[in-house]
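Observations on the three-dimensional arrangement
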Amino acid sequence: MPNQSPQALVAEEEQRLNGGPVINDFSIQVATVNGSGSQSSNTVLMRSIFQMGIPVSGKNLFPSNIAGLPTWFTIRANKDGWIARRKEIDFLVAMNPETAREDVMNLDPNRVVVYEETLKLNQYRRDLAFFPVPFAKLAIEITPDSRLRKLLANMIYVGVVGELLEIDPAETEIALTKQFKGKAKAVALNKTALDIGRKFAKETFDRTLVPYKCHRMNATKGKIIIDGNTAAALGCMFAGVTVATWYPITPSSSLCETLADYMKEYRIERDGKANFAIVQAEDELAAVGMAMGAGWAGARSMTSTAGPGISLMQEFIGLGYYAEIPTVIFDITRVGPSTGLPTRTQQSDILSLVYASHGDTKHIVLLPASVEECFQMAYDAFDLAERFQTPVFVMSDLDLGMNNWMADPFKYPKKKLDRGKVLSVEDLKRLGNFRRYADIDGDGIPYRTLPGTNHPAASYFTRGSGHNEAAAYSERPDDYKRNMDRLSKKYETARQHVPPPQIQSANGAKIGFLGFGTTHWAIIESLDQLQREYDRPISYYRLRAVPFTKHLAEFFERHDRVYVVEQNRDGQMGMLIKLELPAELAGKLRSIRHYSGIPIDARFVTDALVAAEKGEQN
Amino acid sequence: MSMTTQQTSATPPKNMNRLGFTMADYKGAESTLCAGCGHDAITSQIIKAFYEYGVEPHRVAKLSGIGCSSKTPAYFLSKSHGFNGVHGRMPAVATGVMLANKSLISIGVSGDGDTASIGMGQFVHLLRRNVPMIYIIENNGVYGLTKGQFSATADLGSKAKSGVMNDLPAIDVCAMAIELGCNFVARSFAGDPKQMVALLKAALGHRGTALFDVISPCVTFNNHEGSTKSYKYAKDHEELLHEISFVPFFEQITVDYSDGETTDVELHDGSHIRLRKTDKGYDATNKGAALDTLRKCQELNEFLTGLIYINEIKPDFLTLLNMTDEPLATLPQERVQPKEDDLREIMAELM
């Protein structure tokens, strides 16, 4: 895979840099030490740009550590609204002595560096614009408290960067007040730091030496900034979740923690009582076991976890599939195998979700690509779980779950919750009897009753061992097979109910991309690059759920080659697709894989596609 | 699992309990366990206790893990929902069930392998949380379904059917339960139906986890000479901590119990459990003494049965969570889905 940019990109970059100021199109990277409190500063910086109406995205590249290891926060501002990660850094804020040299060496020529003066970074390169700032010294002016000084140095760089990029100081002040809402003392201290940074930069530097500038535009009005886990938590709350049981694990912890915060605000009734239960379990086995117990008893239940938790939950997931118990399981994926890179992103749990547990199993997996979809699919997942009486997965990832994304405000779900085929006392009176695992409607979905239903025919025995239609223990081959075939039929029915793909057919396109989840952002930007740089029309199939829908084969039929873009080593989604398609269509599948733990970027996709297509022509 | 069912004032007809159910309403499918299995005796006591106390079958959730013991919920209360889950994980399922529907009465049946080995992690956390349920360990010291391997409750020096001696100490689930804050800890014997029924009825009146460690001999793999979990050994060695009687909330208390020989504990539902002292002079409300007794018991290889510890003060897990009075499972959409204005407010904060 070529690593360097193709000529087209070089030309574009030259134009960007030589043709005067670069407006609203740059990446800032802040290199700090984790635990140094830079998160607030970075949020203020990002929000300031956002409030100027400029599309922006923020990605935190952090270590699996509490304090003391390197962390990088990247803010991408892009007037065209591209919010995928961009490989190239334009503006570096070097605050971490340990990584400063490497951070500087990694930059392309003519980029900008703001750094702690004492690090003497200007000795390493001649082709960069250096702006040394005595952060430590400036912080002394504000407070004698050394711990506080460290935090305030972070706000000083916000002031410096703001001055150099010409960010409206009024917007920064609003962002700062929002960040430290209700803490007047913190607002005042940070405001002082901000002003000191601005003043220093104004008096010391010639800001025309920085080509990157923020000019007010109108592309973010009415938009929100939110991370995927918060969005998913909101989706759960508005889906009427009543029982959430979880065990802490990066990068999913914030989902249930945020859920707990919102539920305390919006789901406590007038008498002060909660219409929900959120329980931190002793491990993932217990977390999913509780969720299943609650789902069986009729609650809208959920748990959230990451790959290692999914591994631990396998046995229960199989029980949920076979005994037909609804629950929602969020997998906010990270880099595996094993502990892997716990704070980096990947899409490598696909097969372990779709086929989770021993025996013949197959599951419904929803694949949100955006924060809007985290909200919507969290909501949908509960309807699907109860409709299909089975565990339903929502697969997000660290990049989507923990990073800040710009989005339109979420739409209020106006439809009635689908609680599925649950028989009431009245139903039982009418029917007289009930067979738990009988396929009455021909869709593979049986009827269930909830414990506590006051009718002599309501009860049944749920078990993970072999059972017949009446839920009685059975080892009979015909009972076993009939039940397994019905479960398969139920999965076929699900194809018509899962979110369909979003397909973008390009005129005359012979090739197509197939992507899902966060890969989407790199693909849409890559499509633009391929159009502009290579005049190459390409179709795009954004997969939103497993099982696949009928559209999949149709898309493969219409194209000569389909490039499945995913963030794992083995091309797991490609494998699934190959299993599904007839051989002549499966042969059209090509694979583009990005699996370093860093979010995939558009240039990578473009380069990979171009290289692969060259190979096809030879 | 305190009952809130109102009392019926009229005396029920013969062969019917106060709610109008017959004993048959509490029976289940026929047992497939070995003839003479201690577990079947326990099943009979469960049926009797639930009948006599007067529990509405539809309000019961029967829960279990995997093993011979875990099959038994199919053999009682067939008018109740049952859930036979995965090995050692019944506590999590039970917790979830009770979170979803606090009006249910949960009874979990586990074994010594299911609880003290594979399920130890969940067992201790269930106790720590004090999830309201009856938790019965049908303890026979062996794995029956896999043909007689020792379990973690097999006593040191106990002999397997194959002749192998157990050289590891037993885990005392009762002592552990008291340490972890369980407030109703009983040890009983499958061959002592009277005590078992009185204790089970008391457990129905207790709100919190009620733990039963019931020695339940495995007639196929652990009922031989040299076993400390055989019928013969248990019968020869059982010593009662006290004589137990149960006075339900729906019956008038007429007997004077302030004779110094009887401890009377009022349960959450208003029932009373009356513990008549034997020569042991045992006080079941003293946590330190309970632990001390269990320690000595283990040292001397004694088999003491009765209500080892009871404390009716500690709140159960569901009370701590301060949930709505109605079950969460069946709350209507308008109560569990916040309003459109709420979403608008949240969105505005994120702008």
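Everything quoted here is computed from the prediction, not taken from an experiment.

**Some details on the overall build of chain B**
Helix and strand content of chain B: 12 helices and 13 strands. The C-alpha atoms of chain B give a radius of gyration of 21 Å, which matches the 20 Å a tight globule of 351 residues would have. Projected onto the principal axes, the alpha-carbon positions of chain B cover approximately 75 × 55 × 40 Å. Of all 351 residues assigned to chain B, the portion counted as buried reaches 54%.

**Considerations on the interface of chain A and chain B**
Chain A puts 56 residues into the contact, and the matching count from chain B is 49 residues. Among the secondary structure elements, those contributing two or more residues to the side of chain A that touches chain B are β9 (224-227), α8 (228-238), β10 (243-246), β11 (277-280), α10 (284-296), α11 (307-323) and β17 (461-463) of chain A. If one sorts the elements of the side of chain A that touches chain B by residue count, α10(A) sits on top with nine residues. The residue makeup of the side of chain A that touches chain B, split by class, is 33 nonpolar, 14 polar and nine charged.

**Considering α10(A)**
Residues and elements named next belong to chain A. Taking 1.5 Å per residue, 13 residues should reach 18 Å; α10 reaches 18 Å between its end C-alpha atoms and fits that length. In terms of burial, α10 is largely enclosed, as 13 of its 13 residues are buried. Just past α10, the residue G298 takes up positive phi, approximately 110°.

**So, the domain arrangement of chain A**
Residues and elements named next belong to chain A. Here the domain parsing of chain A yields domain 1 (20-221), domain 2 (226-407), domain 3 (425-494) and domain 4 (502-617). For domain 1 and domain 4, the distance between their C-alpha centres works out to 36 Å. The interface of domain 1 with domain 4 comprises seven residues on the first partner and eight residues on the second. Residues of the side of domain 1 that touches domain 4, tallied by class, amount to three nonpolar, no polar and four charged.

**Topic: the environment of E282(A)**
Among the secondary structure elements, E282(A) is positioned in the loop between β11 and α10. With residues near it in sequence (within four places) discarded, E282(A) still touches G121(B), Q122(B) and H125(B).

**Let's talk about the sheet that holds strand β21 (residues 545-546) of chain A**
All names here are of chain A. With mixed pairing, the seven strands of this open sheet are ordered in space as β11-β10-β12-β13-β15-β14-β21. Of all strands in the sheet, those with a lone pairing partner are β11 and β21, marking the two edges. With two bridges connecting them, β10 and strand β12 (residues 301-305) associate as parallel partners. Across the sheet, V243 pairs through a bridge with S301, a residue of β12. Against the sheet, helix α13 (residues 371-388) touches β13 (327-333), β14 (364-366) and β15 (391-397), its axis set at about 165° to β15.

**Overview of helix α5 (residues 146-165) of chain A**
Residue and element names in this part refer to chain A. Under the 1.5 Å per step criterion, the end-to-end length of α5 is 29 Å for 20 residues, consistent within 8% with the ideal 28 Å. In terms of burial, α5 is a largely internal element, 16 of the 20 residues being buried. In the segment just after α5, E166 is the residue with positive phi, at about 60°.

**What about the environment of T32(B)?**
Residue and element names in this part refer to chain B. By the element assignment, T32 lies in the segment before α1 (38-53). Taking the number of C-beta atoms within 10 Å as the measure of exposure, T32 has 12 and is therefore exposed. Counting along the chain gives 42 residues from T32 to A74, while the straight-line C-alpha distance between them is 9.8 Å.

**Observations concerning the sheet that holds strand β20 (residues 539-542) of chain A**
Residues and elements named next belong to chain A. Sheet architecture is open: five strands sit in the order β18-β20-β19-β22-β23, paired in mixed fashion. At either margin of the open sheet sits one strand with a lone partner, and together these are β18 (502-504) and β23 (589-593). On average, each strand axis in the sheet is tilted by 20° relative to the strand beside it, whichever way the strands run. Against the sheet, helix α17 (residues 519-534) engages β19 (511-515), β20 and β22 (561-566), with an angle of about 155° to β19. Those strands touched by helix α21 (residues 602-617) are β22 and β23, and its axis lies near 145° from that of β23.

**With respect to the packing of α17(A) against α21(A)**
All names here are of chain A. Between α17 and α21, whose axes approach to 8 Å, the crossing angle comes to 55°. By the angle between their axes, α17 is oblique relative to α21. For the pair α17 and α21, the sense of crossing is right-handed. Contacts from A522, I523, E525, S526, Q529, L530 and Y534 in α17 reach A602, F604, V605, T606, L609 and V610 in α21.

Conventions adopted
Residues numbered from 1 in each chain as written. Chains lettered and ligands numbered in written order. Predicted model: local features only at pLDDT ≥ 70, side-chain atom pairs only at ≥ 80, totals over all residues. Helix = DSSP H or I, 4+ residues; strand = E, 2+ residues; numbered from the N terminus. Rg over C-alpha atoms; globule rule 2.2 N^0.38 Å. Buried ≥ 20, exposed ≤ 12 C-beta atoms within 10 Å, placed from the backbone. Contact = placed C-beta atoms within 7 Å. Nonpolar A, V, L, I, M, F, W, Y, C, P; charged D, E, K, R; others polar. Expected span 1.5 Å × (residues − 1). Domains from an automatic or database assignment. Pairing = 2+ DSSP bridges. Axes fitted to C-alpha atoms, helices over the stretch in contact; angles between N-to-C directions. Parallel < 35°, antiparallel > 145°, perpendicular 65-115°, else oblique. Left-handed = near helix turned anticlockwise from the far one by under 90°.

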